[in-house]
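Observations on the model geometry
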Amino acid sequence: MIIRFIHLLGTLFFEVISYIGEITFIILNASKKIFSRGYRRKKIVFENMAKIGIDSFPLVGTIATFTGMIMVMETAVTLKKFGGESYVGGIVSISMVRELGPVIVALIVAGRVGASLAAEIGSMKITEQIDALEVLGVNPISYLVTPRLLSSMVMLPVLTLMANFLSIIGGYIIGVYLVHIGSGVYLHQSFALIKMKDLFVGITKAFVFGILITGASCLEGLKASGGAKGVGNATTAAVVNSFFLVILANLVLTAIFYFL
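Let me begin by describing the structure that accompanies this report. (Residues numbered from 1 in each chain as written. Predicted model: local features only at pLDDT ≥ 70, side-chain atom pairs only at ≥ 80, totals over all residues. Heavy atoms only, no water.)

1. With respect to the packing of aromatic side chains
- Inspection of the entire model under this criterion finds 2 aromatic pairs.
- On the numbers, 5.9 Å between centres and 70° between planes, the contact of tyrosine 172 with tyrosine 186 is edge-to-face. You can see tyrosine 172 sitting in helix H6 (residues 140-177) and its partner tyrosine 186 sitting in helix H7 (residues 183-192), a full 14 residues away along the chain.
- Ring plane angle 90° and centroid distance 6.0 Å describe the contact between phenylalanine 200 and phenylalanine 257, whose orientation is recorded as edge-to-face. Placement of the pair is phenylalanine 200 in helix H8 (residues 196-222) and phenylalanine 257 in helix H9 (residues 227-258), with a sequence separation of 57 residues. (Phe/Tyr/Trp six-rings, centres within 6.5 Å; stacked < 30°, edge-to-face > 60°. Helix = DSSP H or I, 4+ residues; strand = E, 2+ residues; numbered from the N terminus.)

Dropping the structure here:
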């Protein structure tokens, strides 16, 4: 029994390492083309920026605002026991900027955009459009992955900054009008405790999450096979694997910045 368990753990560990290797390979290959002089596909980049950023903003903004409201209510309940409800704004803002903001945005984008990317590229793979690109001498990674990777690298940090701001606004509404914290006190605590390092940590996480989500989604799309069912499986795998990579990367990055 123990031997079988160890064997399963070894197999799982090997599969995770192999998958991370595949993700790293496709991300590095796509990243090389971003800085090449011959890269001129600006129209597709802007289209994907709009898809990732502008189209996702209503959902991201709504969830971020509600999250700020919920965090203020939950935090205030505990801090009132110690007479420290005036610190609610600072706790909420720090939590959103360093941790919850980047993760929430990443999970929303992974579910909304990552699934779309995997389905789009997977359909191209099933219908042999990617094979046609290779016949014409076009690198599929450069043509399909690079513009999407660049768009996510730019838009995930932007969405995260917007989500942080809206969460503070949502928390302000609840903190001032429900918890009855002074307006000036709440705003002072919210912004006074945020340091440049906190903003850097949050933006760095969002940047890394964007790369991982795009890499996982495009990889699953390129691996799709077996008709419509294969596209559906690729879409599901893209979302699940993106969630896993985001949580794993968040753990690693939090540990790194904890010691810096």
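2. Points about a nonpolar patch on the surface
- Taken together, the side chains of Phe13, Ile17, Ile20, Phe244, Leu248, Leu251, Val252, Ile256 and Leu260 make up a nonpolar region of the molecular surface, amounting to roughly 850 Å² of accessible area.
- If you list the elements that add at least two residues to the nonpolar patch, you get helix H1 (2-34) and H9.
- In terms of residue count, the dominant contributor to the nonpolar patch is H9 (5 residues).
- Within the secondary structure layout, valine 252 lies in helix H9.
- Relative accessible area serves as the criterion here: at 41%, valine 252 is assigned to the partly exposed category. (Patch = residues over 30% accessible without salt bridge, like charges linked within 9 Å, V, L, I, M, F, W, Y side chains within 5 Å. Areas by Shrake-Rupley, 256 points an atom, 1.4 Å probe, with all protein chains shown as cover. Salt bridge = Lys/Arg side-chain N within 4 Å of Asp/Glu carboxyl O. Buried < 20%, exposed > 50% of the residue type's maximum accessible area, 1.4 Å probe, protein only.)

3. Considerations on the packing of helix H4 (residues 88-126) against H8
- Running from amino to carboxyl end, H4 crosses H8 at an angle of 15°, the nearest separation of the two axes being 8 Å. Viewed along their axes, H4 and H8 adopt a mutual orientation that is roughly parallel. As for the relative orientation of H4 and H8, their crossing is right-handed in sense.
- By residue class, the composition of the contact of H4 with H8 is 16 nonpolar, 6 polar and 6 charged. (Axes fitted to C-alpha atoms, helices over the stretch in contact; angles between N-to-C directions. Parallel < 35°, antiparallel > 145°, perpendicular 65-115°, else oblique. Left-handed = near helix turned anticlockwise from the far one by under 90°. Nonpolar A, V, L, I, M, F, W, Y, C, P; charged D, E, K, R; others polar.)

4. What to know about the pattern of salt bridges
- Across all of its chains, the model carries 5 salt bridges by this definition.
- Between lysine 51 and glutamate 120 there is a salt bridge, with its nearest N and O atoms 3.6 Å apart. Note that lysine 51 is positioned in helix H2 (residues 42-54) and glutamate 120 in helix H4, a separation of 69 residues in sequence.
- Residue class for glutamate 120 comes out partly exposed when judged on its relative accessible area of 32%.
- A salt bridge links aspartate 198 to arginine 98; the shortest N-O distance between them is 2.8 Å. With aspartate 198 in helix H8 and arginine 98 in helix H4, the pair connects residues that are 100 residues apart, well separated along the chain.
- The exposure class of aspartate 198 is buried, given its relative accessible area of 8%.

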